[in-house]
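Single-letter residue listing:
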Amino acid sequence: MKTLTMNVKPFLALLLPVVLSCCSAENSNFQTDELIGVWSGLLFQTEAKFDSLIILPANNPTEARLYKNSEKTAYPILRKGENLNFKDSSGLRFDAFLSDDHKILSGVLTHDLWAQDLNFEKKGDAWVSKVYKPEIIDTDYIVYLEFYKDSDENVQAYIQSNKENRELHFTIEEVLIEKNNIDFRITNDRFGISAVYHSGKKNMVLTYGNAGGKRKIQLRKLQADALEGYLPRSPKEKYRYKIPKAPDSSMQTASLEDVGIDMSLVGFMDKMTGNEYKHIHSIIITKNKKLVFEEYFHGYDREYLHDIRSAFKSIASLALGRAMMKNEELKVENAILDYYPDYKINDTQKKKITVYHSLTMSTGIKPEDEDKMQWEHNDWVGYKLNLPMKHEPGKIFEYSSGGSNLLTGVIEKSVDTYLPLFIYEELLLPMGINKFQMLTSPQGRGYLAGSFFLRPIDFTRFGLLMLNNGKWNGKQLIAESWIEESVKSHIKGNWPKNSGYGYLWRLWEREIGGKKMKTVEAWGNGGQFLIIIPEIEMTITITGGNYNLFPDMEEIPFSILDKYLLPAVK
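Computed from a prediction, not measured in an experiment: that's the story for all the values here.

Draft legend 1. Focus on the packing of aromatic side chains. Within the structure shown, the criterion is met by 26 aromatic pairs. Arranged with centres 5.6 Å apart and planes meeting at 80°, the rings of Trp114 and Phe453 form a pair that is edge-to-face. Taken as a pair, Trp114 in strand S11 (residues 114-119) and Phe453 in strand S26 (residues 452-454) lie far apart in primary sequence, 339 residues in all. Judged by its relative accessible area of 2%, Trp114 falls in the buried class. Ring centres of Phe312 and Phe452 lie 4.1 Å apart, and the angle between their planes is 0°; on these two criteria the pair is classed as stacked.

The following block contains the structure:
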């Protein structure tokens, strides 16, 4: 395929933060002081393709009705036991299951390469679920344009967004003002940006262009106390720590001091009113298995789904562990190609690649270009399997999203269930997680290497699940033996330097309260981290928007971690 429809990939280069240099205002027909301040507007937004899905009759479902603007499309339901399904040739599909007592219906709707949760309510003789707009990088995408004067009284400006930090991609070399037109000369001719300022109306129209065309948006000037979104948090009020509210009965709360954490930990919060720690989106801390700190930035809140990128690989390892509990024949020694009989691969080395090798980034297959794989190919598994061998399986650690994604067919064939539905039914819902979004390939396979959206507080639950040795609310979701094997060092990783690598978990040591302690960590592009410290029963969850920015995506959150969070542990 040429374009990954509604995927995060095509939008990674859509809007880029820009540092604007000196501006000549000799020919302006307004006082440039009128520009000074922060202007904002909604640049991108997604829409729900459907409004709602109705399943009926409730007691014995036979028909599904998808609605958009009151228009209905009906589909016959295929039923196998308590599982319900329909799909069409476009890739649209519905998968759900009824609880044993038929009082709960939970499901997944897949369209435009995304699988998302459906939460049904029983209304009369029907099940009804709202269909929400997809959460991708340009959902609720606000652009901010700040004008200011430097020490030489030259007007300068800075463009940023609430969703991501895009300083990597281009800068503006010059700003030219002619009457009420503002032109920005930039370093990348694939993009264009200009503005028109109407002095009398005190409004600004921003024109943004890229290969997909041009769009115009209205910008409004923000009050100085309404900058949250542009800044990590509003400078209006001094931070006051509060014990977080428990998301549900499965998670207890406590104060920082109750669990032996010094209040110096919150020292970074007042610095979050500037740009020192830009594009940190959330920080959540548990200690002694209690939620003690939960804060959101750049306009995010608890309910907003966040892309955890490659940190999802670690959850994929847990999903495999769950599948092993459902099918005892699934073992790490099994050959990967046994789960893909339709591929005619005769390479003797590839026939030696096992589940273990996918779990430890050691398949030996040449690393893929993930963008090329997703943008230009329908079959992401086939693309990876047909790349040449580079090393003997099991010998060399080489990070590969395509290699870990080979587990998608392993799980699906082992449990005979559509992968997004299996993850929802067997892993998420038992943990109290009922909101998620998962990328699927054009062939309809769930993608296990990233682009998984969930609430950061739910990301935190997986750290608690690990600390509980696979048990949640008294139920053994993942075998304790699998947790133990997952956090053993099976191969030496290449980053962080001298780190170990388990079953899709990074294994490291950090200095905590003046002492070196072992950590188990999930990492994702942009600053997505789940850090588990078993010795002191502590987890730290961080999400961010510093996508593809190295070393910012690690240095910014780790500077908070090393300066404030970890030293505060008594």
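Draft legend 2. Structural detail: empty space enclosed by the protein. With the rule as written, the count across this model stands at four cavities of 30 Å³ or more. When its volume is computed, the largest cavity comes out at roughly 90 Å³. Lining the largest cavity we find 12 residues, and of these Ile136, Lys163, Tyr300, Asp307 and Phe453 sit closest to its centre. Residue composition of the lining of the largest cavity, by class: eight nonpolar, one polar and three charged. Approximately 60 Å³ is the volume attributed to the second largest cavity. Listed by contribution, the elements that provide at least two residues to the lining of the second largest cavity are helix H1 (312-326) and strand S32 (515-524). With three residues, the top contributor of residues to the lining of the second largest cavity is S32.

Basis of the calculations
Residues numbered from 1 in each chain as written. Predicted model: local features only at pLDDT ≥ 70, side-chain atom pairs only at ≥ 80, totals over all residues. Heavy atoms only, no water. Phe/Tyr/Trp six-rings, centres within 6.5 Å; stacked < 30°, edge-to-face > 60°. Helix = DSSP H or I, 4+ residues; strand = E, 2+ residues; numbered from the N terminus. Buried < 20%, exposed > 50% of the residue type's maximum accessible area, 1.4 Å probe, protein only. 1 Å grid on protein atoms, 1.4 Å probe; cavity = no way out; pocket = protein on both sides within 12 Å on 5 of 7 lines; lining within 4 Å. Points joined across faces, edges and corners; volume = space filled by probe spheres on them. Nonpolar A, V, L, I, M, F, W, Y, C, P; charged D, E, K, R; others polar.

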